[in-house]
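Here's the letter readout for the chains.
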Amino acid sequence: MDEIDKKITRLIQKNGRLSSAEIAKAVGVSVSTANERVRKLEKNGYIQEWRAVMNARKVGANLAALILVDMDYDGEKEATEKLAKFPEIQEIHHISGARSYLIKIRVSDTDALQSFLSQKVKPLKAITRTESFIILDTVKETSEVIIT
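Residues numbered from 1 in each chain as written. Predicted model: local features only at pLDDT ≥ 70, side-chain atom pairs only at ≥ 80, totals over all residues. Heavy atoms only, no water.

Asks: An account of the overall build of the protein is requested, with residue identities and associated values reported.
Replies: Secondary structure summary: the protein contains 5 helices and 4 strands in total. Listed N to C, the secondary structure of the protein is α-α-α-β-α-β-β-α-β in terms of helices and strands. Compactness check: the protein gives a C-alpha radius of gyration of 20 Å against a globular reference of 15 Å for 148 residues, more than 25% above the reference. Overall size of the protein, expressed as C-alpha extent along the three principal axes, is 55 × 35 × 25 Å. Per-residue burial for the protein yields a buried fraction of 32% across its 148 residues. Surface accessibility of the protein: about 10300 Å² in total, with carbon and sulfur atoms responsible for 50%. Taking the average location of the 24 positive side-chain charges in the protein and that of its 21 negative ones, the two points are 5 Å from each other. (Helix = DSSP H or I, 4+ residues; strand = E, 2+ residues; numbered from the N terminus. Rg over C-alpha atoms; globule rule 2.2 N^0.38 Å. Buried < 20%, exposed > 50% of the residue type's maximum accessible area, 1.4 Å probe, protein only. Areas by Shrake-Rupley, 256 points an atom, 1.4 Å probe, with all protein chains shown as cover. Lys, Arg positive; Asp, Glu negative; His and termini not counted. Charge placed at Lys NZ, Arg CZ, Asp CG, Glu CD.)

Asks: Describe the pattern of salt bridges, and please don't skip the residues or the numbers.
Replies: This structure, assessed with the given rule, holds 14 salt bridges. The residue R106 makes a salt bridge to E141 at a minimum N-O spacing of 2.9 Å. Note that R106 is positioned in strand 3 (residues 101–107) and E141 in the segment after strand 4 (127–135), a separation of 35 residues in sequence. According to the relative accessible area criterion, R106 is buried, its value standing at 18%. (Salt bridge = Lys/Arg side-chain N within 4 Å of Asp/Glu carboxyl O.)

Asks: How would you summarise the pairing of strand 1 (residues 63–71) if you had to cite specific residues and measurements?
Replies: With 8 of its 9 residues buried, strand 1 lies for the most part within the structure. The sheet contact formed by strand 1 and strand 3 spans 7 bridges and is antiparallel. Note on strand 3: the bridge partner recorded for L63 is V107. Note: strand 1 against strand 4, 8 bridges, orientation antiparallel. Paired with D70 across the two strands is R129, which belongs to strand 4. (Pairing = 2+ DSSP bridges.)

Asks: Pulling in residues and values, what's your account of helix 1 (residues 3–14)?
Replies: Over its 12 residues, helix 1 runs 17 Å from end to end, which matches the ideal 16 Å to within 8%, given 1.5 Å per residue. For helix 1, every residue scored as buried is listed here: D5, K6, I8, T9 and I12. Down the axis of helix 1, the smallest arc covering the buried residues is 160 degrees, so these residues share one side. Contacts made by the buried residues of helix 1 are with helix 2 (20–27) and helix 3 (31–43). Among the residues of helix 1, the N-terminal cap falls to D2, whose side-chain oxygen and the backbone nitrogen of I4 are separated by 3.2 Å. (Expected span 1.5 Å × (residues − 1). Arc of directions from axis to C-beta. Contact = heavy atoms within 4.5 Å. Polar contact = N/O pair within 3.5 Å; in protein donor to acceptor, adjacent residues only side chain to side chain.)

Asks: Break down the nonpolar core for me, with residues and values.
Replies: I67, V69, M71, L83, I105, L113 and I127 are the most contacted members of the largest nonpolar core, which has 20 residues in total. Put simply, the parts of the chain that give this core at least two residues each are strand 1, helix 4 (76–84), strand 3 and helix 5 (110–121). With 5 residues, strand 1 is the single largest residue contributor to this core. Formed by 10 residues, the second largest nonpolar core is a distinct cluster that contains I8, V38, L41 and I47. (Core = buried A, V, L, I, M, F, W, Y, C linked by side-chain atoms within 4.5 Å.)

Asks: Help me get a handle on helix 5, residues and values and all.
Replies: By the burial criterion, the buried members of helix 5 are L113, F116, L117 and V121. Taken down its axis, helix 5 places every buried residue within 95 degrees of arc, on the same side. When the buried face of helix 5 is taken as reference, the exposed residues oriented beyond 90 degrees from it are D111, Q114 and Q119. Among the structural elements, strand 1, helix 4, strand 2 (89–94), strand 3 and strand 4 are those in contact with the buried residues of helix 5. N-cap assignment for helix 5: the residue whose side-chain oxygen lies 3.2 Å from the backbone N of D111 is D109.

Below you can see the structure in the form of structure tokens.
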């Protein structure tokens, strides 16, 4: 990845709807060159996906929570595969320390959180304990990665 590719990735992380002409102008290359570079970045796995970032509150996902999850090794793989399929879960991180996983979830309210935990998470064989933290306010949330 050269400096032009880095400039392109910085731009499209901020605004994935930029046209090839806008990218070309911003980085000082032709439109065809900009278009080809974006295609190569995607083909080579630098760009993983193109998607819209939704306003969670406007679509009814008013409550965000972080859940620490303890799991037994026996059944862990099956449990994480099952958890990954739940649309309420936005992130699952295998973490170091006293807990096994950190999960980020978005649901409508505390009743939905309680229901999700009791009906979908806790019945999984490997799950031994959960601890939930309701997010009161978000100062920063991004999927952007620093391009050095």
